[in-house]
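Below, each chain spelled out in residue letters.
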Amino acid sequence: MVERAQGHPSLVISSGDARLTVQIAAREGGAQLAISFARELAESATRFAERCEALTRLAPLDFDHLSALVGTTPGEVDALTASRRDDGAVER
């Protein structure tokens, strides 16, 4: 979060050469829209991080195996990953 001018905050998300900047829209309700977006982003990012942690706790990520599971639900992935763990994979 940066605020180059008082009362004009910006949320800046950078990754490599890509950058996304979110600011308050200059219209009625713009501040509320920015607030809602930021809170939803924070909640989604938290769920994403928790899911990534859960997957890496089961075993190191095997992207070939995971790509073969595309279309399955998270519960199905957990069940399949758990069965692989029971077959001798090391749990962390």
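On a predicted model such as this, the values are computed, not experimentally measured, just so you know. (Residues numbered from 1 in each chain as written. Predicted model: local features only at pLDDT ≥ 70, side-chain atom pairs only at ≥ 80, totals over all residues. Heavy atoms only, no water.)

**Focus on the pairing of strand β3 (residues 18-23)**
Remember that side chains alternate between the two faces of the sheet whenever the strand is regular. In this sheet, β3 lies alongside strand β2 (residues 8-15) in antiparallel orientation, the contact comprising 6 bridges. Within β3, the residue paired with serine 10 across the bridge is glutamine 23. (Pairing = 2+ DSSP bridges. Helix = DSSP H or I, 4+ residues; strand = E, 2+ residues; numbered from the N terminus.)

**Some details on the side chain of serine 10**
Here serine 10 shows up in strand β2. Assessed through its relative accessible area of 9%, serine 10 is described here as buried. A polar contact of 3.0 Å, which involves the side chain of serine 10, links it to the side chain of glutamine 23. In this structure, serine 10 is in contact with Met1, Val2, Thr21, Val22 and Gln23, ignoring residues within four places of it in sequence. (Buried < 20%, exposed > 50% of the residue type's maximum accessible area, 1.4 Å probe, protein only. Polar contact = N/O pair within 3.5 Å; in protein donor to acceptor, adjacent residues only side chain to side chain. Contact = heavy atoms within 4.5 Å.)

**Comments concerning the sheet that holds β3**
Strand order across the open sheet formed by 3 strands is β1-β2-β3, with antiparallel pairing between neighbours. The open sheet has two free edges, formed respectively by β1 (2-5) and β3, since each of these has just one partner strand. Strand-to-strand twist in this sheet, taken as the mean axis angle between neighbours without regard to direction, amounts to 35 degrees. (Axes fitted to C-alpha atoms, helices over the stretch in contact; angles between N-to-C directions.)

Geometry only, nothing functional implied.
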